[in-house]
Amino acid sequence: MGFPKDFMWGGAIAANQCEGAWDTDGKGMTVSDACTAGTIDTPRYTTYLTKDGTPGKTGMFGSLPEGAHRAVLDGYYYPYHEGIDFYHHYKEDIALFAEMGFKVFRMSISWARIFPKGIEEAPNQAGLNFYRNVFEELKKYGIEPLVTIFHYDMPVYLEETLGGWKNRELIDLFEKYARVLFTEYKGLVKYWLTFNEINSPILLRNFLPNYSNEMIQQGVQTLHNQFVASARAVRAAHQIDPEMMVGAMLAGTCSYPLTCNPEDVLANQKRTQYDFYYSCDTMARGAYPYFAQKFWDEYAIELVTEPQDFIDLQEGKVDMITFSFYSTGCITVDETAEKAKGNFTSGAKNPYLKYSEWGWSIDGQGLRYFLNELYARYQLPLMVVENGLGAVDVLEPDGSVHDPYRIAYTREHVLAMKQAIEDGVNLLAYTYWGCIDLVSASTGEMKKRYGFIYVDRNNDGSGSMKRYRKDSFYWYQKMIASNGEDLD
């Protein structure tokens, strides 16, 4: 036993972190474009102008003053403006992915490249052409596109003028956007994901200080509107091309009770229900789970819905479950327990695991456990669409990059997936996150590198953009050639 012959190995990126060309060929401004650089020690900011023209900044997840609008200001560096210039390097990059042996490539589409404000009657043809060119280049090498429709890349007009996903108008606008994509790329793209890490709006309460009940209310309403928008998109895809497979994509919040204290076990169960199953159940089963009312009552949520919403949810159930998995956390009622930090897995530190320099636990067996849990619950095909290790890599004078830590991390998770498949899990694909170095979403830096391919780009924006193969490039190439058998 082991990986099936048609298993899809690949990698993943996101438009805002890679494409660059932020104001090229008719693309509109997105919320990402007003996001500054940061580091592990300094936060990222969103910059703005008040209604009287005074410049200001707020935290990346902060609110703007009333009447203010996002703006690009002098004196700040905005790393997303150029990213790694995938917009102009995509042919070179795809050739490198093909050299590694990719069978699938996960990427996202920038809504503002298709509809600059999000409200236009007709799409931007230059944007449609760009993505068509990318998909055709992938097909040339036999690589399947796996396309995320919304990956944290909101047209700024929709956010500031319409109020973002709190406004139900976005449901119709998203369905229109999705229908354009499904129609335009029918025959080129089979696999689609509606929203990236859709459960994020309710995860923020776990790790942002002073997260108010009002913000939780907004997050839950945002989620509801996205659930309905996703369901309508799934239904539309099946109408336009029955061969299309559309999935949910969630932040994989896998956690354990810190101890066998029943209070820890119950606390972990509740955290998992609220953080993950609340969203996944709704998208996979077409209805809110039984514990949703308890969740709403606990935070005094007043959900605004329409009767048609629940019909849409039932008719737009996803075809597969996909998720990100970077690390695991531990949940405890003991407030004195040592804390850990990571990707949406805030909680106590696990004494049995090693941690990266960014504070993320490394837990391949956690992936095996999580895959089994999800397949047991849903009996739907699964994909691991984000998994990777951010680290500081050194480009040697001869152009080599030695990253044994990345090879070790990936090996551990590939072995865990193989074991899960042997357990009986139906796993379709693995797309390593940041298969080419990109701008970190959390810190806005290039120093935190994920890729098998090194991009000569620094935190301050300097660098040649030249691409270099890391040691992990050759390891991944060899591993794919053996279909997951050769892990040395």
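Computed from a prediction, not measured in an experiment: that's the story for all the values here.

Novice: Just checking my understanding: could you explain the overall build of the protein chain for this structure?
Specialist: The helix and strand inventory of the protein chain stands at 14 helices and 19 strands. In terms of overall dimensions, the protein chain is globule-like: its C-alpha atoms have a radius of gyration of 21 Å, near the 23 Å expected for 488 residues. The principal-axis extents of the C-alpha atoms in the protein chain amount to approximately 55 × 55 × 50 Å. With 488 residues in all, the protein chain has 60% of them scored as buried. Considering only residue pairs separated by 6 or more positions, the protein chain has 74% of its internal contacts joining residues 24 or more positions apart.

Novice: It is not clear to me how the nonpolar core should be interpreted in this structure. Could you clarify?
Specialist: Taken as a class, soluble globular proteins show a tendency for nonpolar side chains to be buried jointly. By size, the foremost hydrophobic cluster in this structure holds 136 residues, and its most contacted members are Y278 and Y476. Top contributing element to this core by residue count: helix α8 (residues 213-240), with 12 residues. In this view, Y278 contacts I202, V220, L223, F227, Q273, Y288, P289, F291, A292, F295 and W296; residues no more than four positions away in its chain are not counted. Core analysis: the next-biggest nonpolar cluster, separate from the first, contains 11 residues, M8, M245, M249 and A429 among them.

Novice: Just checking my understanding: could you explain the sheet that holds strand β16 (residues 382-386) for this structure?
Specialist: Within the closed barrel, the 8 strands sit side by side as β1-β5-β6-β7-β8-β10-β16-β17. Their pairing is parallel. Each strand axis lies, on average, 25 degrees off the axis of its neighbour in the sheet, ignoring direction. As paired strands, strand β1 (residues 8-12) and strand β5 (residues 104-108) are joined by 3 bridges and run parallel to one another. Bridging across to β5, A12 finds its partner in R106. Taken strand by strand, helix α6 (residues 169-184) contacts β6 (144-150) and β7 (191-195), and its axis lies near 165 degrees from that of β6. Most of the contacts of helix α9 (residues 262-285) go to strand β8 (residues 245-251), to which it runs at about 170 degrees, and overall it touches β7, β8 and β10 (320-324).

Novice: Please clarify how unusual backbone geometry should be interpreted in this entry.
Specialist: Most of the time, phi is negative for any residue but glycine, and the peptide bond is trans. The phi angle at Q379 is positive, at roughly 55 degrees, despite the residue not being glycine. In this structure, Q379 sits in the loop between α12 (364-378) and β16. Of note in the backbone geometry, M465 takes a positive phi value of approximately 70 degrees without being a glycine. Here M465 falls in the buried class, since its relative accessible area comes to 10%.

Novice: What exactly am I supposed to notice about the pairing of strand β2 (residues 45-49) here?
Specialist: Consecutive side chains of a regular strand alternate in pointing toward one face of the sheet and then the other. Bridging between β2 and strand β3 (residues 55-59) involves 5 bridges; their strand directions are antiparallel. Its bridge partner lying in β3, T46 is registered against T58. Where β2 folds back onto β3 in an antiparallel hairpin, the turn is made up of 5 residues, including G53, whose phi is positive at roughly 90 degrees. The pairing of β2 with strand β4 (residues 69-70) spans 2 bridges and is classified as antiparallel. Residue pairing for β4: Y48 is matched across the bridge by R70.

Novice: Is there a simple way to think about helix α13 (residues 404-423) in this case?
Specialist: An α-helical turn contains 3.6 residues, so any two residues separated by three or four positions project in the same direction. Relative to the 28 Å expected for 20 residues at 1.5 Å per residue, α13 spans 28 Å between its end C-alpha atoms, a close match to the ideal helical length. On its buried side, α13 packs onto β1, β15 (361-362), α12, β16, β17 (427-433) and α14 (471-481). Where α13 terminates, the next one or two residues include G424, which has phi positive at roughly 115 degrees.

Novice: What is the right way to look at the sheet that holds β2 in this model?
Specialist: Hydrogen bonding along the main chain pairs the strands of a sheet, whether they run parallel or antiparallel. Taken in spatial order, the 3 strands of this open sheet run β3-β2-β4, and their pairing is antiparallel. Across the chains shown, the open sheet's two edge strands, defined by having one partner strand only, are β3 and β4.

Novice: When you look at the pattern of salt bridges in this model, what are you seeing that I'm missing?
Specialist: Pairs can form between side chains of opposite charge once their charged atoms are near each other. Tallying each qualifying case throughout the model produces 33 salt bridges. Residue R406 pairs with D393 through a salt bridge whose shortest N-O separation is 3.1 Å. Of the two residues, R406 sits in helix α13 while D393 sits in the loop between β16 and α13, which places them 13 residues apart along the sequence. Considered together, R406 and D393 belong to a single accessibility category, that of buried residues. With a shortest N-O distance of 2.8 Å, R406 and D403 are connected by a salt bridge.

Parameters at a glance
- Residues numbered from 1 in each chain as written.
- Predicted model: local features only at pLDDT ≥ 70, side-chain atom pairs only at ≥ 80, totals over all residues.
- Heavy atoms only, no water.
- Helix = DSSP H or I, 4+ residues; strand = E, 2+ residues; numbered from the N terminus.
- Rg over C-alpha atoms; globule rule 2.2 N^0.38 Å.
- Buried < 20%, exposed > 50% of the residue type's maximum accessible area, 1.4 Å probe, protein only.
- Contact = heavy atoms within 4.5 Å.
- Core = buried A, V, L, I, M, F, W, Y, C linked by side-chain atoms within 4.5 Å.
- Pairing = 2+ DSSP bridges.
- Axes fitted to C-alpha atoms, helices over the stretch in contact; angles between N-to-C directions.
- Expected span 1.5 Å × (residues − 1).
- Salt bridge = Lys/Arg side-chain N within 4 Å of Asp/Glu carboxyl O.

None of the figures reported here should be taken as evidence of function without further support.
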